[in-house]
Structures are given as structure tokens and as C-alpha cells.
Amino acid sequence: MLGQLLGVSAVLCAIWSPLAAEPIAGRASVIDGDTIEIHGTRIRLEGIDAPESRQTCTERETGEPVRCGQKAAFFLADMLGEHNVACIENGRDRYRRILAHCQVDGEDVGAAMVRAGWALAFVRYSREYEAQEVEAKAAGAGLWATEFVAPWEWRAARRAK
């Protein structure tokens, strides 16, 4: 009986805790296309992966290099602007950054980044944004107008050097 009560209690805590979490809110500074900072707290947008700041891609039509990591960060900065951003923490990554879903003016920031083509659905960790990625790819939006290496592959290649 006590074991059942403890089990039910653990399930209720797991369900209730995220609902009771206070959002991290305020104006955000953009670190890169999938990381922001609010009041000195680094927040990694959960479920997406954007090109790294130094990452380049190649424009399909012209063959010219594109600073896609920079473009992703600029898109995010333009989207957040001077708005208040509200983030709900959902754990931490291996670098101890907060993993969170964030909203600005009621819009899911991760979904907007993937839909615009400046981030990919990070399906290794979440399948949440796959539909937005399909939409962006079909529209040739953002990264999808370039030849690019997925950010996780780009980072792995840099680590191997």
C-alpha cells in the first residue's frame, strides 16, 4: 500500500512540477540561433539545432558562401526584438544550459526558427518540430535554399580535427 502511494505521488510530482514551474521571462540577448540569455541565464531552445555562429553554407543558385550561422542568429534577434520572451525550463543540457521552450507574443520560438528554415528539428532529442521542417524544406526557406551540413555533423567534424 505504501509503495503504491509513493508511486502515485511520484507520478503526480512528475506531472505537476512542469506545470508549477515559473517561467524565465524578460528581454533576451541572442547568443546564437538556438541559444538566448535572459537576466544572465543561458537558455538552449529545446528541440531545435541551428547552425553554429562560424558555420557557412553555399548558396544553391550562385555557389557563393553564406554565413548561415550568423543569418540564423540575426533572424532570431529580429524575431525577439524588444519583446519579452517567456521560457519554461525542461531540464539542462550537458553544458548545464537550461533547456526550454520559449514564446514571444504567444509564438513558439523554436517552431518559428524551424519553419523559417534557420534551424533544424533536433530529432535526436525531440520529434516536436518535424512538421515545421518539412514545411521549410518544401518552401526552400532559410538553410533549405543552400547546400549545408547539419549543425550536429558540422560540430562533430570540428571535434574530429
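Everything here concerns the structure above.
Because the structure is predicted, anything quoted here is derived from the model rather than measured.

**A closer look at the overall build of the protein**
- If you tally the helices and strands in the protein, you get 5 helices and 11 strands.
- Looking at the protein residue by residue over its 161 residues, the buried ones come to 39%.
- Counted over contacts in the protein with a minimum sequence separation of 6, partners at least 24 positions apart contribute 56%.
- When the accessible surface of the protein is totalled, it reaches about 9,600 Å², and 54% of it is carbon and sulfur.

**What to know about the pairing of strand 8 (residues 98-104)**
- By the criterion of burial, strand 8 is predominantly enclosed, with 5 of the 7 residues buried.
- Relative to strand 8, strand 7 (residues 84-92) runs antiparallel, the two being bridged by 6 bridges. Looking at strand 8, one finds that Ile88 is bridged to His101.
- Hairpin geometry of strand 7 and strand 8 is characterised by an intervening segment of 5 residues between the two adjacent antiparallel strands and by a positive phi of about 70 degrees at Arg96.
- For strand 8 and strand 9 (residues 107-108), the ladder comprises 2 bridges, and the chain directions are antiparallel. By the bridge assignment for strand 9, Val104 is matched with Glu107.
- In sequence, strand 8 turns back onto strand 9 through a hairpin of 2 residues, with Asp105 there showing a positive phi of about 50 degrees.

**Notes on the sheet that holds strand 11 (residues 146-147)**
- Taken together, 3 strands build an open sheet; the order of strands is 6-5-11 and the sheet is antiparallel. At either margin of the open sheet sits one strand with a lone partner, and together these are strand 6 (65-66) and strand 11.
- Both strand 5 (residues 57-59) and strand 11 contribute to a ladder of 2 bridges, which runs antiparallel. Along strand 11, the bridge assignment pairs Glu59 with Thr146.

**Topic: helix 2 (residues 68-80)**
- The end-to-end C-alpha separation of helix 2 is 18 Å, in line with the 18 Å expected for 13 residues at 1.5 Å each.
- Downstream of helix 2 by a residue or two, Gly81 has a phi angle that is positive, lying close to 45 degrees.

**Some points on the packing of aromatic side chains**
- On inspection of all chains with the given rule, the structure shows 3 aromatic pairs.
- Ring centres of Phe122 and Trp152 lie 5.4 Å apart, and the angle between their planes is 10 degrees; on these two criteria the pair is classed as stacked. Here Phe122, found in the loop between strand 10 (120-121) and helix 4 (130-139), pairs with Trp152, found in helix 5 (residues 151-160); they are 30 residues apart in sequence, far enough to count as distant.
- Relative accessible area serves as the criterion here: at 28%, Trp152 is assigned to the partly exposed category.
- Ring centres 5.0 Å apart and planes at 85 degrees place the aromatic pair Trp144 and Phe148 in the edge-to-face group.

What counts as what
Residues numbered from 1 in each chain as written. Predicted model: local features only at pLDDT ≥ 70, side-chain atom pairs only at ≥ 80, totals over all residues. Heavy atoms only, no water. Helix = DSSP H or I, 4+ residues; strand = E, 2+ residues; numbered from the N terminus. Buried < 20%, exposed > 50% of the residue type's maximum accessible area, 1.4 Å probe, protein only. Contact = heavy atoms within 4.5 Å. Areas by Shrake-Rupley, 256 points an atom, 1.4 Å probe, with all protein chains shown as cover. Pairing = 2+ DSSP bridges. Expected span 1.5 Å × (residues − 1). Phe/Tyr/Trp six-rings, centres within 6.5 Å; stacked < 30°, edge-to-face > 60°.

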